[in-house]
Amino acid sequence: MRKELIAMILAGGQGSRLGVLTKNLAKPAIPFGGKYRIIDFALSNCINSGVDTVGVLTQYQPLLLNSYIGIGIPWDLDRVNGGVTILPPFIKGKQGEWYKGTANAIYQNINYIEKFDPEYVLILSGDHIYSMDYSRMLSFHKSKKSAATIAVIEVLPSEASRFGIMNTDDDGSIIDFEEKPEKPKSNLASMGVYIFNWRILKKYLIDDAGNSLSKNDFGKNIIPFMVRNGERMHAYPFKGYWKDVGTINTLWEANMDLLEYNPKLNLYDKSWRVYYNNPALPPQYIAQSSYVSSSVISEGCMVYGDVDHSIISTGAYIGEGSIVKDSIIMPGSIIGDYVEVNKCIVAENVTIGNGSKIGLNTRNMGSSKKLPITVIGQNIFIKENSIIERGAIVDCNYEEKTDIKKKAEEALA
Amino acid sequence: MNDVMGIIKTGGIYEGLKELTISRSSAAIPFGGRYRIIDFILSDMVNSGIRNVGVITQNNYHSLMDHLGSGKEWDLDRKKDGLFILPPYVTTKNSGWYRGSVDALYNNISYIRRSIQKYTLLSGSNSIYNTSFDEMLDFHIAKKADITVMYKKMDFMDRANLSKYGIIDMNNRSRIVDIEEKPKNPKTLNVLMDVCILERELLKELVEEAYSRGRYEWVKDILIEKFNKLKIYGYCYQGHWDYIDNIKSYYNASIDMLKSSTREELFPANRPIYTKIKDEPPAKYKGSSRVINSIVADGSVIEGEVINSIIFRGVNIKKGAIVKNSIIMQNTVVGERSELDCVILDKDVCINSEKRIIGQSNFPIALPKKMVI
């Protein structure tokens, strides 16, 4: 059945800059904002924009992502015609091959796209936090009669060299594109949201696949090549909240943004719900002994301790006398009694033993804003009365190391 | 329990629940922050492995139907069996109105006949409990019973307070020797829980027989009528059970959820209670909030003070407001500096700024849906 527009979500990346958080799961599957996973934003944007055919390209650690997305019921993407399809790499002819780059991943799924014979293809990243109406971008694309439209957002000039930077002329047409330039000529950053005329993109993908020197990447190869070739390309300015959560710092910041009095990303907008896979847990319980301020807490949590300026995710437990501050506690983690957690990301299903101090400021590291973030990896068990220094990244069970840490504690005392 | 079908009766009218049942049947009353009362029995059935459930509806069943939908949330949107909603209907033979639960069953006799399970679990829809019915079925089979009814020994209650229930007396082998419906002086402390197991064929026969004699009540016209002739056994339920038939019992059952022992019994990890999903974001506690000993559902935004209360999904407690010992249902707004104590606010109620509503714990004030104060 023919579709005007279909979406392809690139969800295969490892997200190596997130280190221990992506040890067992792909970046788009990382929990966010108390009850979501990062990919929920792209999937919800699709369905809220009326895009009902979505291919999700997975490669790195896809198990959780695959079972999480399933047949797309939570996003209303379980469709008779279209819906969500997980597209892992597969064997073709005698041998299989991995997705070599973002463009190559789309190239290898030309057959999937052709099945819907679309006029336009929307290419998305599964690792951005934003709410965006793609249907408006499509109208823009059509009105400009563009071959490709790239959504852009203004970033701080100091940060511009982290992004793909677009140089446009007055009518918004792209005259130059540089991926992570040292000396950016503008501050219009690519959001990794592209609409292509499928027939034109297909030609470039096939050419690119035949080029052994290419990195098979949209940002590095396809888009610069199209610009050089003089294709009609436009930048679509986006004004809302958008955040690339590719690093520990940006992931923490994006979560903390939700704690503002009126966050720029409005999760409470009933006409633009962010959907998620619901775990059927009872409501949260806030006990007599707790003090909760400026925080976001999700279903199934039990809070007996103090929570200040933090995100407490689905099914987490905060024990009595504990203090959680400026932190993200991911789903199912248990913080014991009399634990201090300070500026920390605690990944899923972690247990922190009673009396531990996580993110302890052992040396004077200056003001709170600049302090490094402490990260505790998934499924880790931290023994009672452990001390984890500020900025530490814990990626294995901490039991065996506690003796050393105890000495550190004694030394501190 | 593959060989059991479930039937849930949701028909009754409860005068004592008036404020909460203006626009819905009692089974659809919101409960516990994100549930409706029917979620408990329906989830209990599903968690016991029952895959064929009929829900008999009568009064104001729009909101119940909206809640249940295709049964997707309970995993009952099946090709084989699944969820069947059974509202009254008019034919040449019936009036389009159920005269009692037996009449309702008779009108849906073809659903009962068409089902293929050997046993039927027949239940009301006013109970809050979390159980699996496997043991009760084993008991039923081991006793070679005709009917097994579940009961609760209310030894923690004064006998005089039991006269609103059905009361059973049993011999030492658990066989029922007497049943009283709403007795003035209850003979025992054994209260019927409005749930029983019997073979589907027997249910069909009993319903057809009672109907042919113009008798329409399950307890009065079948259980009481038959306990001499049939082997009716009592199966004792040990866990937490609340029966909701008036505002006070609703209030007490709700506030009881603030005890961790109650929450542990109602929400064990291996038997979740399913409900309709609303896709709410997490709850947000803004700067000046103070929350003590309360249950808070997702999607709510809390800026004021909440003490010993149940806050449902999407509720907004504004700055300076104080909510104590109260139950605040979905999407209700409590305005700035308002004060509530022992109050039940139904869905979509709006309390403006600086209002004060004070009830008593043994006489809570209930405000109906969409009221503006």
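Throughout this description, residue numbers start from 1 for each chain and increase along the sequence as written. To read the labels, note that chains go from A and ligands from 1, taken in the order they are written. Selection of residues for local features in this predicted model requires a pLDDT of at least 70, selection of side-chain atom pairs for listing and counting requires 80 or more, and totals for whole chains, interfaces and linings are taken over all residues. Excluded from the side-chain calculation are hydrogens and water; included are all heavy atoms of the structure.

Undergrad: Could you give an account of the overall build of chain A, naming the residues involved and the relevant values?
TA: Helix numbers and strand numbers start at the N terminus; a helix is a DSSP run of H or I with at least 4 residues, a strand a run of E with at least 2. A count of helices and strands for chain A gives nine helices and 33 strands. To get the radius of gyration, use the C-alpha atoms; to get the globule rule, take the number of residues to the power 0.38 and multiply by 2.2 Å. Expected size for 413 residues packed as a compact globule is a radius of gyration near 22 Å; at 23 Å, chain A falls within 12% of this value. Projected onto the principal axes, the alpha-carbon positions of chain A cover approximately 65 × 50 × 50 Å. Type-normalised accessible area, obtained with a 1.4 Å probe on protein chains alone, sets the label of each residue: buried when under 20%, exposed when over 50%, and partly exposed for intermediate values. In chain A, buried positions account for 56% of the 413 residues. Two residues form a contact once any of their heavy atoms are found within 4.5 Å. For chain A, the proportion of contacts with a sequence separation of at least 24, taken over those separated by at least 6, is 59%. Computed over 44 positive and 45 negative side-chain charges, the inter-centroid distance for chain A is 4 Å. Under the convention used here, Asp and Glu are negative, Lys and Arg are positive, and both His and the chain ends fall outside the count. Positions of charges follow a simple convention, taking NZ of Lys, CZ of Arg, CG of Asp or CD of Glu.

Undergrad: Can you explain unusual backbone geometry? Please cite residues and give values.
TA: The backbone phi angle of Asp117 of chain A is positive, close to 45°, even though this residue is not glycine. By the secondary structure assignment, Asp117 of chain A is in the loop between helix 4 (110-116) and strand 8 (120-125). With relative accessibility at 41%, the residue Asp117 of chain A sits in the partly exposed group. A positive phi is found at Asp348 of chain B, a non-glycine position, where the angle reads about 55°. The residue Asp348 of chain B is located in the loop between strand 25 (343-345) and strand 26 (350-351) in this model. By relative accessible area, which is 29% here, Asp348 of chain B ends up partly exposed.

Undergrad: Any chance you could break down the domain arrangement of chain B for me, citing the residues and the numbers?
TA: Residue and element names in this part refer to chain B. Either an automatic procedure or a domain database provided the assignment from which the domain bounds are taken. Looking at the assigned domains, one finds that chain B contains domain 1 (4-266) and domain 2 (284-367). Computed from C-alpha coordinates alone, the two centres of domain 1 and domain 2 are separated by 32 Å. Each partner contributes residues to the interface: domain 1 has 20 residues there, and domain 2 has 21 residues. Both sides together, the interface formed by domain 1 and domain 2 hides about 1700 Å², and carbon and sulfur atoms give 68% of it. The term buried area denotes the loss of accessible surface (1.4 Å probe radius) that occurs when two parts are joined, taken as the sum for both partners. Per-residue buried area on domain 1 facing domain 2 is highest for Gly33, Tyr251 and Leu258; these three make up 37% of the total on that side. Salt bridges are defined by distance alone: a side-chain nitrogen of Lys or Arg within 4 Å of a carboxyl oxygen of Asp or Glu. The tally of links from domain 1 across to domain 2 stands at one salt bridge.

Undergrad: So what's going on with the packing of aromatic side chains? Which residues, and what values?
TA: Between rings of Phe, Tyr and Trp, where Trp is taken as its six-membered ring, a pair exists when centres lie within 6.5 Å; planes separated by under 30 degrees are stacked, by over 60 edge-to-face, and by other angles tilted. Across all of its chains, the model carries 29 aromatic pairs over all chains by this definition. With a centroid separation of 5.5 Å and an interplanar angle of 85°, the aromatic rings of Tyr36 of chain A and Tyr276 of chain A are classed as edge-to-face. Of this pair, Tyr36 of chain A sits in strand 3 (residues 36-37) while Tyr276 of chain A sits in the loop between helix 8 (248-257) and strand 16 (284-286); the two residues are 240 residues apart in sequence, bridging distant segments of the chain. The same class applies to Tyr36 of chain A and to Tyr276 of chain A, which are both buried. Where Phe139 of chain B meets Tyr233 of chain B, the ring centres are 6.5 Å apart and the plane angle is 80°; that geometry is what we call edge-to-face. Of the two residues, Phe139 of chain B is situated in helix 5 (residues 134-142) and Tyr233 of chain B in strand 12 (residues 232-236); the sequence distance between them amounts to 94 residues.

Undergrad: Go over empty space enclosed by the protein, please, and point to the residues and values.
TA: Rolled over the atoms, a probe with the dimensions of a water molecule shows which regions are left empty. Residue and element names in this part refer to chain B. A pocket here means an open set of points on a 1 Å grid, computed over the protein atoms alone, that has protein on both sides within 12 Å along at least five of seven lines. A cavity is instead a set of points where a 1.4 Å probe fits but cannot get out; residues with an atom within 4 Å of a point line either one. Grid points are joined across faces, edges and corners, and a volume is the space filled by probe spheres set on the points. The final tally for this structure, using the stated rule, is four cavities of 30 Å³ or more. The computed volume of the largest cavity comes to approximately 80 Å³. For the lining of the largest cavity, the elements supplying multiple residues, two or more each, are strand 3 (35-36) and helix 2 (62-68). Partitioned by chemical class, the residues of the lining of the largest cavity number three nonpolar, two polar and seven charged. Residue assignment places the lining of the largest cavity across two domains, with domain 1 (4-266) and domain 2 (284-367) each supplying three or more. Side-chain classes follow a simple rule in which Ala, Val, Leu, Ile, Met, Phe, Trp, Tyr, Cys and Pro form the nonpolar group, Asp, Glu, Lys and Arg form the charged group, and the remainder, Gly included, forms the polar group.

Undergrad: Please set out the interface of chain B and chain A residue by residue, giving values where relevant.
TA: Each partner contributes residues to the interface: chain B has 39 residues there, and chain A has 41 residues. Summed over both sides, the interface of chain B with chain A buries roughly 3100 Å², with 49% coming from carbon and sulfur. Among the residues of chain B in contact with chain A, Asp279, Lys284 and Tyr285 of chain B are the three that bury the most area, contributing 21% of the side total. Here chain B is connected to chain A by three salt bridges. The shortest N-O distance in the salt bridge between Arg34 of chain B and Glu299 of chain A comes to 3.1 Å. Any pair of nitrogen or oxygen atoms within 3.5 Å is treated as a polar contact; in protein, a donor-acceptor pairing is required on top of that, and neighbouring residues in sequence qualify only through side-chain atoms on both sides. If you look at where chain B meets chain A, you find 27 residue pairs in polar contact (both at pLDDT 80 or more). Secondary structure elements with two or more residues in the side of chain B that touches chain A: helix 9 (260-266), strand 14 (283-285), strand 15 (290-292) and strand 16 (294-296) of chain B. Among the residues forming the side of chain B that touches chain A, the class breakdown is 17 nonpolar, 10 polar and 12 charged.

Undergrad: How would you sum up the sheet that holds strand 25 (residues 334-335) of chain A? Please name residues and give values.
TA: Strands pair, by our definition, only if DSSP identifies at least two bridges between them. Judged by pairing direction, the sheet is mixed, and its 11 strands sit side by side in the order 31(A)-28(A)-25(A)-22(A)-19(A)-16(A)-16(B)-19(B)-22(B)-25(B)-28(B) without closing on themselves. In this open sheet, the two strands that pair with only one neighbour each are strand 31 (381-382) of chain A together with strand 28 (365-367) of chain B. Sheet analysis places strand 16 of chain A next to strand 19 (residues 302-303) of chain A, joined by two bridges and oriented parallel. Directly across from Ile286 of chain A, in strand 19 of chain A, lies its bridge partner Val303 of chain A.

Undergrad: I'd like a rundown of the side chain of Ser115 of chain B, residues and numbers included.
TA: Within the secondary structure layout, Ser115 of chain B lies in the loop between helix 4 (109-114) and strand 6 (119-123). A distance of 3.1 Å separates polar atoms of two side chains, one belonging to Ser115 of chain B and the other to Asn52 of chain B.

Undergrad: I'd like a description of the pairing of strand 11 (residues 190-199) of chain B, backed by residues and values.
TA: A regular strand carries its side chains on alternate faces of the sheet. Residue and element names in this part refer to chain B. The element strand 11 is extensively covered by neighbouring structure, given that eight of its 10 residues are classed as buried. Inspection of the sheet shows strand 6 paired to strand 11 by five bridges, in the antiparallel sense. Within the sheet, the bridge partner assigned to Leu122 lies in strand 11 and is Cys196. In this sheet, strand 11 lies alongside strand 8 (residues 147-153) in antiparallel orientation, the contact comprising six bridges. Bridge pairing links Thr148 to Ile197 in strand 11.

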